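Spelled out, the chains give:
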Protein chains: 2
Amino acid sequence: MPANPSEVMPPLLAAYAGRRQATPPVWFMRQAGRSLPEYRASRARTAMLDACLEPELAAEITVQPVRRHGVDAAILFSDIVVPLKLAGVDVDIVPGRGPVFARPVRTPADLDHLVAHELHPEALAPIEAAVARTVERLGATPLIGFAGAPFTLASYVVEGGPSKDQLRARTLLHADPVAWGRLTAWLAGVSGAFLAAQVRAGARAVQLFDSWAGALSEGDYRAAVLPASARALAAVPGGVPKVHFGTGTALLLPAMRDAGADVIGVDHRLPLDAASALLEHRVPLQGNVDPALLAAPWPVLERHLEQVVTAGAAAPAHVLNLGHGVPPTTDPGVLTRIVDWMHSRV
Amino acid sequence: MPANPSEVMPPLLAAYAGRRQATPPVWFMRQAGRSLPEYRASRARTAMLDACLEPELAAEITVQPVRRHGVDAAILFSDIVVPLKLAGVDVDIVPGRGPVFARPVRTPADLDHLVAHELHPEALAPIEAAVARTVERLGATPLIGFAGAPFTLASYVVEGGPSKDQLRARTLLHADPVAWGRLTAWLAGVSGAFLAAQVRAGARAVQLFDSWAGALSEGDYRAAVLPASARALAAVPGGVPKVHFGTGTALLLPAMRDAGADVIGVDHRLPLDAASALLEHRVPLQGNVDPALLAAPWPVLERHLEQVVTAGAAAPAHVLNLGHGVPPTTDPGVLTRIVDWMHSRV
């Protein structure tokens with residue numbers, strides 16, 4: 001959906017385009033989630049994946065943090081396994097555990113079974129409806145589309161659920177590169193289609209989450225992961241900024257950019273000035289407030305925010321965010337205070 | 001215990017002293033553990049912490065992998081919480097979960113309660129007995145002493161058990177540096193005393209495990225973790241080589257050296273030549289075979305071993321090891337084959 005030419009570009013999109021803003025726009029990964037009482041009320045009677053697929057509920061949850069905190073962006077309330085579910089894969093999200101697959105991919109027959117699933121365009125209708133409803137309510141605030149990257153998805157699919165160190169997936173990657181290539185190409189297809197549908201319905205940027213990419217060496221990432229992530233990102237219609245994020249990625253930032261990202265999300269481990277130097281100061285950055293600081297006294301958090309904003313000035317543009325998702329125990333008042341603090345520095 | 005001057009220095013100790021060996025000596029983190037059927041038989045009727053505190057059983061388990069694989073070192077079978085248990089702290093290891101503390105350190109009163117515990121020298125008697133029995137059986141093969149580093153210990157103590165990202169500990173570190181300093185100084189005291197007791201009883205090297213240090217930025221590590229790790233390492237009698245290891249530590253290697261380590265253990269994420277460059281090629285390295293490769297076909301694993309040994313030649317000396325512990329599902333025959341492969345390359 002092309003922007004109205006008379007519209008002033010929202011600060012988030014200007015920053016994603018590499019134009020430094022007077023103050024960094026701000027949003028929070030997992031801002032639509034368990035830290036908000038209104039979220040817990042909305043979700044009270046609905047399982048996670050059902051909530052993602054109910055357009056009215058997903059739109060409401062997506063808009064909640066914008067309404068409460070005044071953040072500069074919404075991100076679609078969803079889960080990385082949603083496109084797999086829509087392709088007919090037997091997956092559920094078990095509270096307190098995470099995504100669980102009925103048939104983990106352990107054998108060639110398991111892989112054949114998985115990749116025989118197709119994500120039909122019409123299956124994406126509930127996502128498109130959720131995006132359309134969200135965009136209507138957001139007004140000028142842009143919506144970011146959401147998807148999981150092939151490696152992180154593969155780590156769940158191969159293990160059958162969450163794992164400490166993505167060991168089985170990393171074994172497969174080396175032990176059977178052909179099977180790995182088929183698996184990640186299929187995952188790239190569904191994630192790419194998921195992102196493209198969100199953009200067609202009105203999302204004005206996308207973020208690809210490769211949360212566990214930090215388990216990989218740069219060599220393994222470039223050889224076995226980058227091609228699939230690039231394929232997922234290439235499915236996004238031209239002109240829409242693409243953010244790429246993972247944790248523990250200090251060794252991977254240039255490779256993640258080379259997958260076709262326009263903006264790189266950085267976790268709390270690497271200061272933004274060091275991250276920007278690794279990217280030759282040519283890539284807008286997003287991040288990297290330490291989620292552990294959200295529970296510290298405000299003066300301690302404020303000093304940290306100052307450091308993050310100062311270091312972020314080394315990049316062509318900076319979007320303030322956390323280094324990982326909002327912890328469920330976070331006091332939402334702290335998030336509002338961060339937004340107010342950032343916006344009042346003009 | 002000084003070595004017999006007429007004794008040829010074991011390859012492990014020569015490598016730890018920075019003298020390149022014709023082939024790297026080899027051992028495996030968690031080599032005494034669930035991958036071995038003889039271990040599972042020995043442990044069948046004994047809880048984890050009880051096994052650590054029963055000298056005959058701990059010695060037997062420690063020697064098992066030397067007997068089976070012919071590795072160049074034993075490492076004392078123990079757990080990072082053992083010295084806390086010996087100080088009277090109420091902690092247990094819950095199968096499938098990990099260390100669980102009856103009273104997590106969340107308040108000043110919790111902290112006062114914890115640090116009031118003292119690790120009396122006589123409480124270390126079962127450890128010294130286990131070490132003495134082990135050393136008797138090992139002959140020329142050196143025994144490595146074992147302890148957890150203060151940050152990793154603190155992450156369990158503050159959380160009350162395992163955590164995904166050490167969030168509560170990292171919050172405390174920032175929110176209350178004085179409490180954090182008291183906590184980590186106390187932990188450094190018990191870990192240092194634990195290492196020193198093992199050396200007095202016959203261990204000829206030590207390894208300090210800061211498994212979760214990779215959750216920290218270098219700034220936080222240097223400010224809030226390094227001093228306590230240095231204190232633990234300084235408790236080790238002079239002349240005994242000190243290995244320091246963590247996962248995801250690409251940003252921390254020089255800081256971990258600066259804590260007083262003689263040898264740095266590197267996980268699978270960073271090639272050893274790159275790690276050695278970060279340390280100005282002055283520090284012997286240990287590592288960094290990817291545990292995920294242990295389940296790959298031998299030709300794939302062998303190619304990886306070649307790469308690791310080649311990259312390790314950039315360091316002054318190299319001890320072959322994994323990048324993390326042996327996964328419990330590992331075929332022990334693969335470990336034996338790695339040792340034979342390494343030893344046959346003379």
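A short tour of the structure in this document, coming up. (Residues numbered from 1 in each chain as written. Chains lettered and ligands numbered in written order. Predicted model: local features only at pLDDT ≥ 70, side-chain atom pairs only at ≥ 80, totals over all residues. Heavy atoms only, no water.)

Structural notes on the interface of chain A and chain B
Then, in step 1: At the interface, 25 residues of chain A touch 25 residues of chain B.
Then, in step 2: Surface buried jointly by chain A and chain B totals about 2,100 Å² across both partners, of which 63% is contributed by carbon and sulfur atoms.
Then, in step 3: Where chain A meets chain B, there are 2 salt bridges.
Then, in step 4: A salt bridge links Arg170 of chain B to Asp290 of chain A, with the shortest nitrogen-to-oxygen separation between them at 2.8 Å.
Then, in step 5: For the pair chain A and chain B, the interface holds 10 residue pairs in polar contact (both at pLDDT 80 or more).
Then, in step 6: Only α9 (167–175) and α11 (218–224) of chain A provide two or more residues apiece to the side of chain A that touches chain B.
Then, in step 7: It is α9 of chain A that contributes the most residues to the side of chain A that touches chain B, 5 residues altogether.
Then, in step 8: Partitioning the side of chain A that touches chain B into residue classes produces 15 nonpolar, 5 polar and 5 charged. (Contact = heavy atoms within 4.5 Å. Buried area = accessible area lost by both parts, 1.4 Å probe. Salt bridge = Lys/Arg side-chain N within 4 Å of Asp/Glu carboxyl O. Polar contact = N/O pair within 3.5 Å; in protein donor to acceptor, adjacent residues only side chain to side chain. Helix = DSSP H or I, 4+ residues; strand = E, 2+ residues; numbered from the N terminus. Nonpolar A, V, L, I, M, F, W, Y, C, P; charged D, E, K, R; others polar.)

Regarding the relation of the copies chain A and chain B
Then, in step 1: With an RMSD of 0.0 Å, chain A superimposes on chain B once it is rotated by 180° and translated 0.0 Å along the axis. The two molecules are tied by a two-fold rotation axis, judged by turn and shift. Taking the C-alpha atom as reference, chain A places Gly248 of chain A closest to the rotation axis, 3.6 Å from it.
Then, in step 2: Comparing interface residues between copies, 100% of those in chain A also lie at the interface in chain B; the contact surface is shared. (Least-squares fit on C-alpha atoms with pLDDT ≥ 70 in both.)

Thoughts on the packing of helix α4 (residues 55–69) of chain B against helix α7 (residues 125–138) of chain B
All names here are of chain B.
Then, in step 1: It is the contact of α4 with α7, at a shortest axis distance of 8 Å, that shows an interaxial angle of 40°. Judged by the inter-axis angle, α4 sits oblique to α7. When the axes of α4 and α7 are compared, the crossing they make is right-handed. Contacts between α4 and α7 involve Pro55, Glu56, Ala58, Ala59, Glu60, Thr62, Val63 and Val66 from the former and Pro126, Ala129, Ala130, Arg133, Thr134, Arg137 and Leu138 from the latter.
Then, in step 2: Classifying every residue of the contact of α4 with α7 gives 9 nonpolar, 2 polar and 4 charged. (Axes fitted to C-alpha atoms, helices over the stretch in contact; angles between N-to-C directions. Parallel < 35°, antiparallel > 145°, perpendicular 65-115°, else oblique. Left-handed = near helix turned anticlockwise from the far one by under 90°.)

Here we look at the sheet that holds strand β7 (residues 263–265) of chain A
All names here are of chain A.
Then, in step 1: With parallel pairing, the 7 strands of this open sheet are ordered in space as β1-β4-β5-β6-β7-β8-β9. Of all strands in the sheet, those with a lone pairing partner are β1 (74–75) and β9 (318–322), marking the two edges.
Then, in step 2: Sheet analysis places strand β5 (residues 205–209) next to strand β6 (residues 242–245), joined by 4 bridges and oriented parallel. When the bridges of β6 are listed, Leu208 appears paired with His244. (Pairing = 2+ DSSP bridges.)

Structural notes on the sheet that holds strand β9 (residues 318–322) of chain B
Residue and element names in this part refer to chain B.
Then, in step 1: The 7 strands are arranged β1-β4-β5-β6-β7-β8-β9 in an open sheet whose pairing can be described as parallel. The sheet is open, and its two edges are formed by β1 (74–75) and β9, each paired on a single side.
Then, in step 2: Alignment of strand β4 (residues 143–148) against strand β5 (residues 205–209), held across 5 bridges, turns out to be parallel. Along β5, the bridge assignment pairs Ile144 with Ala205.
Then, in step 3: Of the strands in this sheet, β4 and β5 touch helix α10 (residues 177–200), which is tilted by about 170° from β4.

Digging into unusual backbone geometry
Then, in step 1: Omega for the peptide link from Gly287 of chain A to Asn288 of chain A comes to -25°, which places this bond in the cis form.
Then, in step 2: Despite not being glycine, Gln166 of chain B has its phi angle at roughly 55°, a positive value.
Then, in step 3: Among the secondary structure elements, Gln166 of chain B is positioned in the loop between α8 (150–159) and α9 (167–175).
Then, in step 4: The phi dihedral of Glu280 of chain B falls on the positive side, at around 55°, and the residue is not glycine.
Then, in step 5: Within the secondary structure, Glu280 of chain B sits in the loop between α14 (272–278) and β8 (285–289).
Then, in step 6: Take Glu280 of chain B: its relative accessible area is 49%, and that puts it in the partly exposed class. (Buried < 20%, exposed > 50% of the residue type's maximum accessible area, 1.4 Å probe, protein only.)

Regarding the pairing of strand β7 (residues 263–266) of chain B
All names here are of chain B.
Then, in step 1: Burial along β7 is two-sided: Val263 and Gly265 facing one way and Ile264 and Val266 facing the other are all buried.
Then, in step 2: In this sheet, β7 lies alongside strand β6 (residues 242–245) in parallel orientation, the contact comprising 3 bridges. Its bridge partner being in β7, Val243 is matched across the sheet by Val263.
Then, in step 3: With helix α13 (residues 253–258) bridging β6 and the parallel β7, this β-α-β connection has right-handed handedness.
Then, in step 4: Examined bridge by bridge, β7 and β8 share 3 bridges and lie parallel to one another. Its bridge partner being in β8, Gly265 is matched across the sheet by Gln286. (Right-handed = clockwise from strand over helix to strand, strands pointing away.)

Considering the environment of Gly139 of chain B
Then, in step 1: Take Gly139 of chain B: it is sitting in the loop between α7 and β4.
Then, in step 2: Considered as a pair, Gly139 of chain B and Tyr16 of chain B are 123 residues apart in the sequence and their alpha carbons are 19 Å apart.

Some details on the nonpolar core
Then, in step 1: Of all hydrophobic cores here, the largest spans 131 residues; its most connected members are Tyr16, Trp27, Trp180, Leu183 and Tyr221 of chain B.
Then, in step 2: In terms of residues, this core owes the most to one element, α10 of chain B, which gives 11 residues.
Then, in step 3: With residues near it in sequence (within four places) discarded, Leu183 of chain B still touches Leu111, Leu114, Ala154, Val157, Val158 and Leu172 of chain B.
Then, in step 4: Grouped together as the second largest cluster of nonpolar side chains are 130 residues, Tyr39, Ala74, Val105 and Ala232 of chain A included. (Core = buried A, V, L, I, M, F, W, Y, C linked by side-chain atoms within 4.5 Å.)

A word on the pattern of salt bridges
Two side chains with opposite charge may pair up if their charged atoms get near one another.
Residues and elements named next belong to chain A.
Then, in step 1: In this structure the tally under the stated criterion is 30 salt bridges over all chains.
Then, in step 2: The salt bridge involving Arg168 is made with Glu159; its shortest N-O contact spans 3.4 Å.
Then, in step 3: One network of salt bridges, in which partners are shared, links Glu218, Arg222, Arg257, Asp258 and Glu280.

Side note on the packing of aromatic side chains
Then, in step 1: This model, assessed by the stated rule, comprises 8 aromatic pairs over all chains.
Then, in step 2: Measuring from ring centre to ring centre gives 5.6 Å for Tyr39 of chain B and Phe77 of chain B, while their planes differ by 65°; the resulting arrangement is edge-to-face. In this pair, Tyr39 of chain B sits in helix α2 (residues 37–43) while Phe77 of chain B sits in the loop between β1 and α5 (82–86), placing the two residues 38 residues apart along the sequence. Of the two residues examined, Tyr39 of chain B and Phe77 of chain B, each falls in the buried class.
Then, in step 3: Through successive ring pairs, a cluster of aromatic residues spans Phe146, Phe209 and Phe245 of chain A. (Phe/Tyr/Trp six-rings, centres within 6.5 Å; stacked < 30°, edge-to-face > 60°.)

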